[in-house]
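Topology and contacts: notes
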Amino acid sequence: MIDDHPMIIEGYKNTLLGENQKEYQIKIDIASNCDDAYANIVKSSEGNEYDMLFVDIKLPPSSDGSITSGEDLAKHAKELLPKAKIIILTMHREDHRIHNILKNINPAGFLIKSDLTSSELLLAFNNIIKGKAYYSATVNDHFRKMMTNKFSLDEKNLKILYHLSRGVKTKNLPNYVSLSLSAIEKRKNQIKEMFSIAKADDQMLLEEARKRGFI
Amino acid sequence: MLRSFFFIIIIISSLILNSCYNNPDKAIESEELKLNLIQSYIEIAKDRQNSEAERRTNLEKAYSICSTLNNNTSKINKIQNISFIYYELKDFDKYKDMNERALRLSNSINDSLNMARSYAYLGIYYRPTKLDVAYENFYEADKIYSSLDYQKHDPKKYAFDHGKVLADLAQILRKTKDYSKSESLTIKAIQSFELAENGLYIPMCYTNLGNLAKSLGHYDEAIEYQQKAIDYAKGTKKEILQTLISLNNMGTVYKSQQKYKEAKESYNKALSYTDFLSKNPKRHALYLDNLAYVNFLSNDTSDIPDLFYKALKIRDSIDDKNGIATNTLHLAEYYQSIEKDSIARMYAKQSRDISLQLHNNVELLQAYRLLSKISDSEEGLEYANNYIALNDSLVKEERAFRDKFARIRFETDEIKDENLKMTRENEILIIAILGLTALFLLGYIIFRQQQSNKELLFAQTQQESNEEIYRLLLNQQIKLEEGRQMEQQRMSEELHDGVLGRLFGVRLSLDGINQRANDGFTETRNKYIDELKAIEKEIRLISHDLGAETLPSDVAYIDAVENLIGDLCEAHKIKFDFHNDEDIDWESVDDQKKVNLFRILQESMQNIFKHAHADLIKINFEYADGNINLTILDDGIGFVSSKVKKGIGLKNITSRVSQMNGEVQFISDNNSGTTVSVSVPIDTVRVEEIY
């Protein structure tokens, strides 16, 4: 279990080690930062591999700066511990982050902390042990939104929309998205066309994107 | 007579009628009538058939009307005309009086020609009595004539008058034996008369030249000049008179040369004009006497002393005292030559007495000389002394005259010099004043320039400091914004990662424990756990609200703008609609431009508040083709663009926009509101200020 809040780990433990859970013998290692977590992952990959990893996204970065978040950590874990089930537990519920995590890690479980209750955690735990993926309602909602769109936006387009929604100027977007200004303009126009609001301004574009669940 | 009276009555009555109207045309008419009236009086006065008293009264009438004339030039002319008649009437004092008046008038209106004329006329008045004063007047006249501007006055018009003045001067100088000056003046006089194409006085001038030549001992020349005088007089009215004068003069010249034969011929020739001489007994007597004297000198005593007595008889009959003085002297000389001293003495004394009476010094001198010779030794000595004394006094007098004339010339020259000096001094003064004025003006201009430079500099520094103040304000706002954002960010993160995490942990733990416990309160606890979840959600929302506001710093400018608009509109209770194009990257826009746009907005809004009576203001920042377009629109009463003189507000806006290389348009029609649209390029470098 990787989380920088001992209170949260306590919560997980209380849930998993509670009286409702008697089927499995659970041995838990805990880490509160990327360094410790990575060390544990490496250690376990040498023998006695972990079956399951609880990963928080927001974590104190590793001392050498190579691992900055749970996302990076999960990527390493997938390489080092290919059999281990990875469960992402995060406070972030923004669509693009959910999208990114799903795309980059494709975790066995994806739980949004704010949605989570003890029983849901148990349910997820049991499902995942049995090899069934479990996603929080918010994540499923995201999936649903993505499915209902006749089209999908690639990661770059989503980033553009995301940064625009934060109030970044189109002009400054090249600093956030690795694209030239003209390419960004072109993409913006494409998105507008997809939303069938070809001549709308940025504000209308963002409104529409919000409606369609891209932001 | 009757006719002229009738004429005068008509004129007087019209004058009276005229005075009833106060009309400039009438005034001119009445002036003309007055002139006519004066002329008619003068005509009567001129008429020699009228009695002297009548002529005088007419002259007085003419003069009294003259003094009411407005036109000074015609006044002067009339006064001069009046003076001539007084001269004719031999009232010389009146003549002098009139001409003095004319001179004063001419002086007052700076009429040079009439001044010269008046001087000449006064010279004529003094000519017989006071040579020096006469000289002075003629000299003044000559001076004025000589200095007249050829461009202003046609020299032909006054050449005749000038010639007369010159001739008079020459005569006076000859009388005082200043022969060379007299000669040159006479020649000048002849030139003037020739220029005037009036030869009336040319023979007289040649006569004068002949007399001068004789006095200088140039006898041949003298004869020549006299001959010329006769030639010039040929065909004129004065032909005979001039011929007689010249013949007499020639005789005198020959006499002086002791060419008695030629002298006799001349006198005889003169005496042959019997018709003329019978009317001129004085001349007749003169020629007879002269012929007799030449006969006596040439020892041709055949008809002597009869000829002397013949002349004396004529002279006695016409009481020609000068003639008698000469005549008796000649007789005295004759009797002395034939040694009849007592008779000679008697005639000499008679001559002396008459000469004394006449102040004829030339003859008196001769009389004394003769008497000293023919009297007893004692008496003779006294006469000799008288002779010497008189001779000395005459020489002295001549010298005194010459000195006096020289002084007159010198004094006028001195005055001229002084005038020249004064004009030069005046010039220097004027130049100095002009120079000082120019210097003062220059100083003033420089001062003003400096002042306006200072003002410009002040305006510049003011603008700079304005900008600086704004920049500081903006920076402060940005810093404030940054600080606020940092704090918000920090709080957001703290809430999200710390508080929320821990809350979640607690809830999860509670939930986990709750699952295990079975004390009948599970449901109640679940309710509180749900409540915790709700709190979490709320905190997350707060955190999100705080954290999501990661506004870029350029929003601060727009904030400032919006604050301005909001505050102003609130204060004036006007609705507003503000829109900012997000494509404008305010961060990269030059501060100067931001300040200017800010001020333009401020200025425009002030105008709207003051004049437009608007209910709504729409303000729009738009980005297009590298330009920021600011549009300020109101729904007020508007104005007629052509009628409104550009106020300082509009001027300020225009100057600010041109400073930014932009364009501005004020569009308005009555009752349809006003649109101010400003377009400013973002990229252009600020125009260098030209101070």
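Residues numbered from 1 in each chain as written. Chains lettered and ligands numbered in written order. Predicted model: local features only at pLDDT ≥ 70, side-chain atom pairs only at ≥ 80, totals over all residues.

Glancing now at the overall build of chain A. When helices and strands are tallied, chain A shows 10 helices and four strands. Evaluated residue by residue, chain A yields a buried proportion of 32% over its 215 residues. For chain A, the proportion of contacts with a sequence separation of at least 24, taken over those separated by at least 6, is 58%. (Helix = DSSP H or I, 4+ residues; strand = E, 2+ residues; numbered from the N terminus. Buried ≥ 20, exposed ≤ 12 C-beta atoms within 10 Å, placed from the backbone. Contact = placed C-beta atoms within 7 Å.)

Along chain B, the regular secondary structure elements total 24 helices and five strands. Looking at chain B as a whole, 33% of its 691 residues qualify as buried. Here the analysis covers contacts within chain B between residues at least 6 apart in sequence; of these, 59% occur between residues at least 24 apart.

The next point concerns the interface of chain A and chain B. Across the contact, 26 residues belong to chain A and 24 residues belong to chain B. Of all the secondary-structure elements, those providing two or more residues to the side of chain A that touches chain B are helix H1 (6–16) and helix H5 (118–129) of chain A.

The next point concerns the sheet that holds strand E1 (residues 575–580) of chain B. Residue and element names in this part refer to chain B. In spatial order, the strands read E1-E2-E3-E5-E4; together these five strands make up an open sheet with mixed pairing. Because the sheet does not close on itself, it has two edges, and the strands there are E1 and strand E4 (663–668). For this sheet, the mean inter-axis angle between neighbouring strands, taken without regard to orientation, is 10 degrees. Alignment of strand E3 (residues 627–634) against strand E5 (residues 674–681), held across seven bridges, turns out to be antiparallel. (Pairing = 2+ DSSP bridges. Axes fitted to C-alpha atoms, helices over the stretch in contact; angles between N-to-C directions.)

In this structure, the amide linkage connecting Ile304(B) to the following residue, Pro305(B), adopts the cis form with an omega of 5 degrees. Mapped onto the elements, Pro305(B) comes out in the loop between helix H15 (281–297) and helix H16 (306–318). With a phi close to 60 degrees, Asn48(A) is a non-glycine residue in the positive phi region. As for its placement among the helices and strands, Asn48(A) is situated in the loop between helix H2 (34–45) and strand E1 (52–56). What makes Asn48(A) exposed here is the crowd of 8 C-beta atoms within 10 Å. A positive phi angle, close to 55 degrees, is found at Glu197(B), a residue other than glycine. Following the sequence through the fold, Glu197(B) ends up in the loop between helix H9 (179–196) and helix H10 (202–215). Look at Glu197(B) and you get exposed, because 9 C-beta atoms sit within 10 Å.

All names here are of chain B. The geometry of helix H11 (residues 219–233) relative to helix H12 (residues 239–256) is characterised by a closest axis approach of 8 Å and an angle of 170 degrees between their N-to-C directions. Classified by the angle between their axes, H11 and H12 sit roughly antiparallel to one another. Touching Tyr 219, Ala 222, Ile 223, Gln 226, Ala 229, Ile 230 and Ala 233 of H11 are Glu 239, Gln 242, Thr 243, Ser 246, Asn 249, Met 250, Val 253 and Ser 256, all from H12. (Parallel < 35°, antiparallel > 145°, perpendicular 65-115°, else oblique.)

Relative to the elements of secondary structure, Leu541(B) occurs in helix H21 (residues 522–548). Residues Leu541(B) and Leu495(B) lie 46 residues apart in sequence; the distance between their C-alpha atoms is 9.9 Å.

With that settled, consider the sheet that holds E1(A). Residues and elements named next belong to chain A. With parallel pairing, the four strands of this open sheet are ordered in space as E1-E2-E3-E4. Looking at strand neighbours, the two that pair on one side only are E1 and strand E4 (134–135), the edges of this open sheet. In this sheet, strand E3 (residues 109–112) lies alongside strand E2 (residues 85–90) in parallel orientation, the contact comprising four bridges. Note that in E3 the partner of Leu 89 across the bridge is Leu 111.

All names here are of chain B. Going residue by residue along E5, you find Thr 674, Val 676, Val 678 and Val 680 tucked away on one face and Thr 675, Ser 677, Ser 679 and Pro 681 left uncovered on the opposite face. Examined bridge by bridge, E4 and E5 share six bridges and lie antiparallel to one another. Bridge assignment links Glu 663 to a residue of E5, and that residue is Ser 679. Once E4 ends, the chain turns through five residues before running back antiparallel as E5, passing Asn 671 with a positive phi of about 70 degrees.

This paragraph deals with the packing of helix H7 (residues 131–147) of chain B against helix H8 (residues 155–175) of chain B. Residue and element names in this part refer to chain B. H8 packs onto H7 with a crossing angle of 145 degrees between their chain directions and a minimal axis gap of 9 Å. Considering how the two elements wind past one another, H7 and H8 form a crossing that is left-handed. Counting all contacts with H7, which are made through Leu 131, Ala 134, Tyr 135, Phe 138, Tyr 139, Ala 141, Asp 142 and Tyr 145, the residues of H8 involved are Tyr 158, His 162, Val 165, Leu 166, Asp 168, Leu 169, Ile 172 and Lys 175. (Left-handed = near helix turned anticlockwise from the far one by under 90°.)

This paragraph deals with the confidence of the model for chain B. Residues and elements named next belong to chain B. Model confidence for chain B is summarised by a mean pLDDT of 82, while 91% of its residues fall at 70 or above. Confidence over residues 684–691 falls short of pLDDT 50; this stretch has nine contacts with residues more than four positions distant or in other chains. Predicted complex, confidence summary: ipTM 0.73, pTM 0.46. (pLDDT = per-residue confidence, 0-100.)

On to the pairing of E1(B). Working note: regular strand, side chains alternate between the two faces of the sheet. Within E1(B), only zero of the six residues are buried, which leaves it mostly out in the open. One crossover worth recording links E1(B) to the parallel strand E2 (residues 616–624) of chain B by way of helix H23 (residues 591–612) of chain B, and it is left-handed. (Right-handed = clockwise from strand over helix to strand, strands pointing away.)

A few words on the environment of Lys593(B). Residues and elements named next belong to chain B. Its place among the elements puts Lys 593 in helix H23. Accessibility expressed as a C-beta count within 10 Å gives 21 for Lys 593, which makes it buried. Residues in contact with Lys 593, not counting those within four places in the same chain, are Met 660 and Val 680.

Looking now at the nonpolar core. Counting residues in each nonpolar core, the largest one holds 105 residues, and the members touching the most others are Ala62(B), Ile82(B), Leu169(B), Cys205(B) and Ala348(B). If you tally residues by element for this core, the top one is H15(B), at nine residues. Not counting the four nearest positions on each side in its chain, Ile82(B) is found in contact with Ile42(B), Leu59(B), Ala62(B), Tyr63(B) and Met98(B). Ranked by size, the runner-up nonpolar core spans 44 residues in total, among them Ile2(A), Leu53(A), Phe54(A) and Phe125(A). (Core = buried A, V, L, I, M, F, W, Y, C linked by C-beta atoms within 7 Å.)

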